[in-house]
Amino acid sequence: QVQVLESGGGLVQTGGSLGLSCAASGSIFRFNDMGWYRQAPGKQRELVALATRGGSTTYADSVKGRFTISRDNAKNTVRLQMNNLKPEDTAVYYCNVVSYGANFWGKGTLVTVSP
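Quantities reported herein were computed from a predicted structural model and do not represent experimental measurements.

### With respect to the overall build of the protein chain
- When you go through the protein chain residue by residue, the secondary structure sums to zero helices and 11 strands.
- Taken from the N to the C terminus, the helices and strands of the protein chain come in the order β-β-β-β-β-β-β-β-β-β-β.
- Compactness check: the protein chain gives a C-alpha radius of gyration of 13 Å against a globular reference of 13 Å for 115 residues, within 12% of the reference.
- If you line up the protein chain on its principal axes, its C-alpha atoms span 45 × 25 × 20 Å.
- Taken across its 115 residues, the protein chain has 40% of its residues classed as buried.
- Of all intrachain contacts in the protein chain linking residues separated by at least 6 positions in sequence, the fraction that spans at least 24 positions is 53%.
- Split by element, the accessible area of the protein chain, about 6100 Å² in all, is 49% carbon and sulfur.
- Averaging the coordinates of the 12 positive side-chain charges in the protein chain and doing the same for the 7 negative ones gives two points 4 Å apart.

### Structural notes on the nonpolar core
- If you look at the biggest cluster of nonpolar residues, it comprises 29 residues, and the most contacted ones within it are Trp36, Val48, Phe67, Leu80, Met82 and Tyr93.
- Of all elements in the fold, only strand E1 (2-7), strand E3 (18-26), strand E4 (34-39), strand E5 (46-51), strand E7 (67-72), strand E8 (77-82), strand E9 (91-99) and strand E11 (109-114) reach the threshold of two or more residues within this core.

### Structural notes on the sheet that holds E7
- If you walk across this open sheet you meet the four strands as E1-E3-E8-E7, and the pairing is antiparallel. The open sheet terminates on both sides in strands that have one partner only, identified here as E1 and E7. Across the sheet, the axes of successive neighbouring strands diverge by a mean angle of 15°, strand direction being ignored.
- Pairing of E1 with E3 involves six bridges; the strand directions are antiparallel. Bridging from a neighbouring strand, Val2 pairs with Gly26 of E3.

### Comments concerning unusual backbone geometry
- Positive phi is not limited to glycine here, since Asn84 has a value of about 50°.
- Take Asn84: it is sitting in the loop between E8 and E9.
- In this structure Asn84 comes out as partly exposed when scored by relative accessible area, which is 41%.

What counts as what
- Residues numbered from 1 in each chain as written.
- Predicted model: local features only at pLDDT ≥ 70, side-chain atom pairs only at ≥ 80, totals over all residues.
- Heavy atoms only, no water.
- Helix = DSSP H or I, 4+ residues; strand = E, 2+ residues; numbered from the N terminus.
- Rg over C-alpha atoms; globule rule 2.2 N^0.38 Å.
- Buried < 20%, exposed > 50% of the residue type's maximum accessible area, 1.4 Å probe, protein only.
- Contact = heavy atoms within 4.5 Å.
- Areas by Shrake-Rupley, 256 points an atom, 1.4 Å probe, with all protein chains shown as cover.
- Lys, Arg positive; Asp, Glu negative; His and termini not counted.
- Charge placed at Lys NZ, Arg CZ, Asp CG, Glu CD.
- Core = buried A, V, L, I, M, F, W, Y, C linked by side-chain atoms within 4.5 Å.
- Pairing = 2+ DSSP bridges.
- Axes fitted to C-alpha atoms, helices over the stretch in contact; angles between N-to-C directions.

If you want it as structure tokens, here you go:
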């Protein structure tokens, strides 16, 4: 039905920046919410940022002012620009797409922030 592919993870130093990209594709032509989640070792998966099709955005308190989510409805893509990265941001980041009430996940991309 839908496949989700994210990219852009890597290693960055504290205070650096990194951009993540996600593309959703499939026979479904309309995607509702698109967002990013992350899971650090020993912690539960948490919402990082979410963007609705209408343009509303939601951010976790821990990333407000540092991360920016954006999407292109025509291309079915969503980006996460991460600035002023901290070691606590180290995690596997997952792209999540909601389409007609169903959730679709990418395989994840690792972001490592060194001190």
